[in-house]
Amino acid sequence: MRMLWNKGRWSAGLAVMALWCAAWPPTYGAVDDGDPQLGANAIVFSSLRSGNDDIYVTSVGGGGERRLTTADGQDGAPAVSPDRRTVAFASVRTGEMQLWAMDADGEDQRQLLASTSFDFHPAWSHDGGRILFQRRSATTGFDLWVLDLASGAQHQLTSLPRNEVGAFFSPDDQWVVFGGNNGTGQDVWVVPASGGGPVVLTAGVCIAGTDPCVPAFDGQPSWTPDGRILFLSDRAGGIGIWTMAPDGSGAQEVVDLGGASAAMPSMSANGQRIVFTTDVEDLGGQRNVHTVRSDGSQLRRLTYAGDDLAPGFASGS
Ligand SMILES: [Ca+2]
Ligand SMILES: [Ca+2]
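Worth saying up front: this structure is predicted, and the values here are computed from it rather than measured. (Residues numbered from 1 in each chain as written. Chains lettered and ligands numbered in written order. Predicted model: local features only at pLDDT ≥ 70, side-chain atom pairs only at ≥ 80, totals over all residues.)

## Observations regarding the overall build of the protein chain
Right, so step 1: Scanning the protein chain from N- to C-terminus turns up 1 helix and 24 strands.
Right, so step 2: Expressed as a percentage of its 317 residues, the buried residues of the protein chain come to 45%.
Right, so step 3: The contacts of the protein chain with a sequence gap of at least 6 include a subset with a gap of at least 24, amounting to 38%. (Helix = DSSP H or I, 4+ residues; strand = E, 2+ residues; numbered from the N terminus. Buried ≥ 20, exposed ≤ 12 C-beta atoms within 10 Å, placed from the backbone. Contact = placed C-beta atoms within 7 Å.)

## Thoughts on the confidence of the model for the protein chain
Right, so step 1: Confidence in the prediction of the protein chain, expressed as mean pLDDT, is 90, and 89% of residues score 70 or more.
Right, so step 2: For the stretch residues 1-32, pLDDT sits under 50, and the model shows 45 contacts to residues farther than four places along the chain or on other chains. (pLDDT = per-residue confidence, 0-100.)

## Brief notes about the pairing of strand β24 (residues 308-313)
Right, so step 1: Of all 6 residues in β24, 5 are buried; the element is thus mostly enclosed.
Right, so step 2: Pairing geometry for strand β1 (residues 42-47) and β24, over 4 bridges, is antiparallel. Opposite serine 47, over in β24, you have aspartate 308 as the bridge partner. (Pairing = 2+ DSSP bridges.)

## Things to note about the sheet that holds strand β21 (residues 273-278)
Right, so step 1: Pairing is antiparallel across the open sheet formed by 4 strands, whose spatial order is β20-β21-β22-β23. This sheet does not close on itself; its edge strands, each paired only once, are β20 (262-267) and β23 (300-301).
Right, so step 2: Inspection of the sheet shows β21 paired to strand β22 (residues 288-293) by 6 bridges, in the antiparallel sense. Bridge assignment links arginine 273 to a residue of β22, and that residue is arginine 293.

## A few points about unusual backbone geometry
Right, so step 1: Omega for the bond connecting aspartate 211 with proline 212 falls within 30 degrees of zero, at 10 degrees, which places this linkage in the cis form.
Right, so step 2: By the element assignment, proline 212 lies in the loop between β15 (199-200) and β16 (218-223).
Right, so step 3: At glutamine 298, a position not held by glycine, the phi torsion is positive, near 55 degrees.
Right, so step 4: Relative to the helices and strands, glutamine 298 resides in the loop between β22 and β23.
Right, so step 5: You can call glutamine 298 exposed: it has 11 C-beta atoms within 10 Å.
Right, so step 6: One non-glycine residue, aspartate 307, lies in positive phi territory at about 55 degrees.
Right, so step 7: Its place among the elements puts aspartate 307 in the loop between β23 and β24.

## Focus: the sheet that holds strand β4 (residues 75-80)
Right, so step 1: Judged by pairing direction, the sheet is antiparallel, and its 4 strands sit side by side in the order β4-β5-β6-β7 without closing on themselves. Here the strands that pair on one side only, and so sit at the sheet edges, are β4 and β7 (110-113). Going from strand to strand, the sheet's axes swing by 35 degrees on average, the running direction of each strand aside.
Right, so step 2: Both β4 and strand β5 (residues 86-91) contribute to a ladder of 4 bridges, which runs antiparallel. By the bridge assignment for β5, aspartate 75 is matched with serine 91. (Axes fitted to C-alpha atoms, helices over the stretch in contact; angles between N-to-C directions.)

## Looking at the environment of asparagine 182
Right, so step 1: Take asparagine 182: it is sitting in the loop between β13 (175-181) and β14 (186-192).
Right, so step 2: Through-space distance from the C-alpha of asparagine 182 to that of alanine 203 is 8.6 Å; in sequence the pair is 21 residues apart.
Right, so step 3: With residues up to four places along the chain from it excluded, the contact list for asparagine 182 reads Asp187, Val200 and Ala203.

Next up, the structure:
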């Protein structure tokens, strides 16, 4: 069990509280100042189980599930801050999809950015200073934008003619990976976080055995902590979770899910597990949160209520 560090000094009283906090709720780590903090193995996700999208937290063992939002309408795309004390998310509660944030226990829900646009899918930089998000344009679909949290300044990172979605900063915050479409299907792209030309990494990959070529789906990318790209692909036939080098080379399949549907794989910061949603036990049914070890073993189901999406480790990369 992880002990408490209380601003430089150990405290027997806090250690007792740590034991209690670790027992219930188990997804919360110990805190020293009253500010709730998600444990490193907490997993946030959104789900339609209540009838409208809301944000939940569970643990890598599947215990201690809690609901963090209760507002009508969509609350989704949760993203935990690097210090695990804040959850950024997207919500329609003001009438338009906007970026919001809340404390790790769901308290103090506040608008992070007030705009007149549809803003979605926040993702933190690893230095905690910036939020990457997607903003919908009438002319260029979803584009990537970056919000600087200290100054409130926003700047546009991409303006490709189709949708750029599901973007994440690389572990060194130097690159951004995203899913995009250049007219031949869904592919994985990267762009320098400082701006510049986006590069497609998976163009021309065909589904194995197709002649003429049927372009593979390569999408929903994120990063491994050692700087590879984690993504979904049907290039081997069924849907699989894959990794590749950040230049698109060296693609390796982690797990083959066959005819299942799957969504949004992301890896824990220690590189040991991948979390995603799938209907692998009930093809065509609702998707639930699952984990698998990074070597493809120990596929585990963590939730049973269905219609889950956008899972991520609190300590995610
Ligand atoms: Ca809701
Ligand atoms: Ca676009």
